[in-house]
Amino acid sequence: MTFSTSEMQNHGINVGGSERLASLLGGGLLTIYGLTRGSFGGMAMAALGGGLLYRGATGHCATYGKLGLNTAQGEGDLRNIRMRESVTVLRPRDELFVFWRDLENLPLFMSHLESVRQMDDKRSVWTAHSPGGLAPMIWEAEIVDEAPGERIAWRSLPGSDIENEGEVRFVEAPDGEGTEVHVTIEYHPSRGITGAAAKWINPLLSQMVREDVRRFKSLMETGEVPTVEGQPRGH
Amino acid sequence: MKAVCWNGIHEVAVETVPDPQILNPRDAVVKVSLTAICGSDLHLYDGYIPAMRKGDILGHEFMGEVVAVGASVENLKEGDRVVVPFPIACGNCFYCRKGEFSLCDNSNPKAWISEKMYGHPCAGIFGYSHMMGGYAGGQAEYVRVPYADVGPIKIPEHLNDEQSLFLSDILPTGWQAADECGIKVGDVVAVWGCGPVGQFAMLAARHLGAGRVIGIDYIPERLEMARSHCGAETLNHAQIDIQEALKEMTGGRGPDACIDAVGMEAHGGGPLGWYDKAKHLGRLQTDRPTVLREAIQACRKGGTVSIPGVYGGVVDKVNFGAAFNKGLTLKMGQTHVHRYMSELLGRIERGEFDPSFLITHRLTLEEAPQGYRIFREKEDGCVKVVMRPQTVH
Ligand SMILES: NC(=O)c1ccc[n+]([C@@H]2O[C@H](COP(=O)([O-])OP(=O)(O)OC[C@H]3O[C@@H](n4cnc5c(N)ncnc54)[C@H](O)[C@@H]3O)[C@@H](O)[C@H]2O)c1
Ligand SMILES: [Zn+2]
Ligand SMILES: [Zn+2]
């Protein structure tokens, strides 16, 4: 374990890097994949023939290619997980920058976050959802660079449960309509992630960032995030 | 409330479920006064649309009274009588702004499913699988309507429910199918399928200037309806060779536009028909493209094949070379219902036509399982089933 002793005592941490990352993925991801309600997921689709297409499509999908994985430590042993996502949002650059720069807004579209509290202009405290009774994951981060209307970069402070950093760039779309939003998120699991865990964690993390970016776009364009959580259904 | 739930292939049941709530600021809740079963629902009923789950509430053609609105909805109030378009569209995104409402970028909370299957996410659709968002549908006493400030259209008092309901889907769908053919006065338009969508496509083709409209099906009462209500000549594909007949009727040239109003579950004869059936049953192919093949083959050079019939995935043995070498234009997709609603409401109000001629069966919501069965089997002269949820009260 490379978590600092005090951190370990504070949060009773007794799980390794990949489990922590898995818990970071948390409820948000489960919701995305609809697994919380049981039967859906791959099964219904496979049963209905869509599974065939689905597999075909994912086989060719660029998820792995896009990750920029650092597998230098050997097969499936990850110490740097980098994800990039881009989306065009039909809102002015400045408006998007201002919304994102108020980091307390991030949980509105980043599903794994419970809250972000801004301590001062640069420093903030981030709390992730903690499914399955695990201790809450809390870390401090600071803004390391910013250019109004263009770019925000942040990084977790040393000693964080999960070392991570992120950058978002806002670029005026070529047709002048809206803004291209380019997001890069990196995780540095302390012991690296090995074997099977690496194989499933990466596409999931990548999908999670993708969904976050999608929610950001919806929120900015429509004022809300689409949902079906809480609607009626039969048995 | 009572709602029609999908419980598996050929299994629908009326169940008691919780009432829907406002979940987002732009939502409304509508108390359904009339709802219909669509040919698209049959693809769910028959199990050919992926990502359905037991208990999903069906229905995307419905109208009723607004009973609650979210904080951001200013154009509607309780008591308004509205028809709701079947595609769920935000009105703000790149596609909505271009009027391509059924391609909305923001309305699908489960966008990743269709994004993986098709390269891009599809818009949400009421009661039409988790691939299309997993929204509870309108074959129910109440339904939640997202982006209520964009979709629903108010219906004037002097029009009754049966005259207005089909603005939700099949009237705009038939209309768009014909509109996309770029019909010039005097054109010949052939329409495969004389179901509800085909009937309205024929009606629209007539109104948009077609000189001749030819309806193709094998069900006598549907062919009769095409002749008597839509100004069509008809061909029975069980009795004659369609390719030959169309050539003969057009002096050898072929129709200027061909409309596939049948989609993925076409009946097909001959060796290719059996080939499709076998692959379809084995789920190696999701769709049976008999009509698509025929339309491409029959269409005159430089003509348009317009495809309102729904397809879900991979099709086989479609002569793409014919489409290419004849320079055909192919048009298709879920209908941009929002784009057509007010124009079509105007035409109904002016008495240009009364879409209610389609209705052959008026049931209560409780009779939904029977409704699905007779509509699927085309029993009892069934062309269109409407259901009234509120009769029980
Ligand atoms: N694009 C859209 O937005 C949209 C909207 C509504 C419906 N649809 C689709 O339109 C299609 C038709 O819907 P509907 O409600 O009219 O359904 P329907 O099942 O009542 O009608 C289909 C008709 O096609 C006929 N048919 C079957 N095989 C044929 C063949 N080989 N040649 C000629 N006719 C044949 C059937 O006998 C039937 O009368 C469906 O695929 C439905 O999903 C699309
Ligand atoms: Zn429909
Ligand atoms: Zn939209």
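Use the structure listed above.
Reading guide: rules and limits
- Residues numbered from 1 in each chain as written.
- Chains lettered and ligands numbered in written order.
- Predicted model: local features only at pLDDT ≥ 70, side-chain atom pairs only at ≥ 80, totals over all residues.
- Heavy atoms only, no water.
- Helix = DSSP H or I, 4+ residues; strand = E, 2+ residues; numbered from the N terminus.
- Buried < 20%, exposed > 50% of the residue type's maximum accessible area, 1.4 Å probe, protein only.
- Contact = heavy atoms within 4.5 Å.
- Areas by Shrake-Rupley, 256 points an atom, 1.4 Å probe, with all protein chains shown as cover.
- Core = buried A, V, L, I, M, F, W, Y, C linked by side-chain atoms within 4.5 Å.
- Domains from an automatic or database assignment.
- Axes fitted to C-alpha atoms, helices over the stretch in contact; angles between N-to-C directions.
- Parallel < 35°, antiparallel > 145°, perpendicular 65-115°, else oblique.
- Left-handed = near helix turned anticlockwise from the far one by under 90°.
- Donors = N, O, S within 2.8 Å, 3.2 Å for Na, K, Ca; no water.
- Tetrahedral: all angles 85-135°; square planar, octahedral: opposite > 155°, others 65-115°.
- Pairing = 2+ DSSP bridges.

1. A look at the overall build of chain A
Stage number 1. A count of helical and extended segments in chain A gives 7 helices and 7 strands.
Stage number 2. For chain A, the α and β elements follow one another from N to C terminus as α-α-α-α-α-β-α-β-β-β-β-β-β-α.
Stage number 3. Expressed as a percentage of the 235 residues in chain A, the buried residues total 50%.
Stage number 4. When contacts within chain A are restricted to residue pairs at least 6 apart in sequence, long-range pairs at least 24 apart make up 52% of them.
Stage number 5. Only carbon and sulfur atoms are counted for the fraction: they give 52% of the accessible area of chain A, which is about 10,600 Å².

2. A closer look at the nonpolar core
If you look at soluble globular proteins, the nonpolar side chains tend to sit buried side by side.
Stage number 1. One finds Phe166 and Leu167 of chain B to be the most contacted residues of the largest nonpolar core, which totals 81 residues.
Stage number 2. Both domain 1 (2–169 + 335–388) and domain 2 (171–332) of chain B contribute no fewer than three residues apiece to this core.
Stage number 3. Aside from chain neighbours lying at most four places away, what touches leucine 167 of chain B is Val83, Ile155, Pro172, Val337, Met341, Leu344, Leu345 and Ile348 of chain B.
Stage number 4. In terms of nonpolar packing, the next biggest core, distinct from the first, is built from 37 residues, Trp100, Trp154, Met208 and Phe216 of chain A among them.

3. Quick word on the packing of helix α8 (residues 242–249) of chain B against helix α10 (residues 290–298) of chain B
Residue and element names in this part refer to chain B.
Stage number 1. As a packed pair, α8 and α10 sit with axes 10 Å apart at the nearest point and diverge in direction by 30 degrees. The angle between α8 and α10 falls in the class roughly parallel. α10 is crossed by α8, and the crossing has right-handed handedness. The segment α8 lies against α10, with Ile242, Gln243 and Leu246 engaging Glu294, Gln297 and Ala298.

4. Points about the coordination of the zinc ion (ligand 2)
Residues and elements named next belong to chain B.
Stage number 1. Coordination sphere of the zinc ion (ligand 2), protein contribution only: Cys38 (SG), His60 (NE2), Glu61 (OE) and Asp169 (OD), at 1.7 to 2.7 Å.
Stage number 2. Given 4 donor atoms and angles of 80 to 135 degrees at the metal, the environment of the zinc ion (ligand 2) is assigned as irregular.
Stage number 3. All donors to the zinc ion (ligand 2) come from one chain, and their sequence spacing reads C-x21-H-E-x107-D. With a gap of 131 residues between them, cysteine 38 in the loop between β3 (28–37) and α1 (39–45) and aspartate 169 in the loop between α4 (161–164) and α5 (170–179) connect regions that are remote in the sequence.

5. A few points about the sheet that holds strand β1 (residues 81–89) of chain A
Adjacent strands of a sheet form backbone hydrogen bonds with each other and so pair up, either parallel or antiparallel.
Residue and element names in this part refer to chain A.
Stage number 1. Spatially, 7 strands are ordered β1-β7-β6-β5-β4-β3-β2 in an open sheet, and the strand pairing comes out antiparallel. Edge positions in the sheet fall to β1 and β2 (113–118), since each has one partner strand and no second. Strand after strand, the sheet turns through a mean of 20 degrees between neighbouring axes, direction not considered.
Stage number 2. Pairing between strand β6 (residues 163–172) and strand β7 (residues 179–188): 10 bridges, direction antiparallel.

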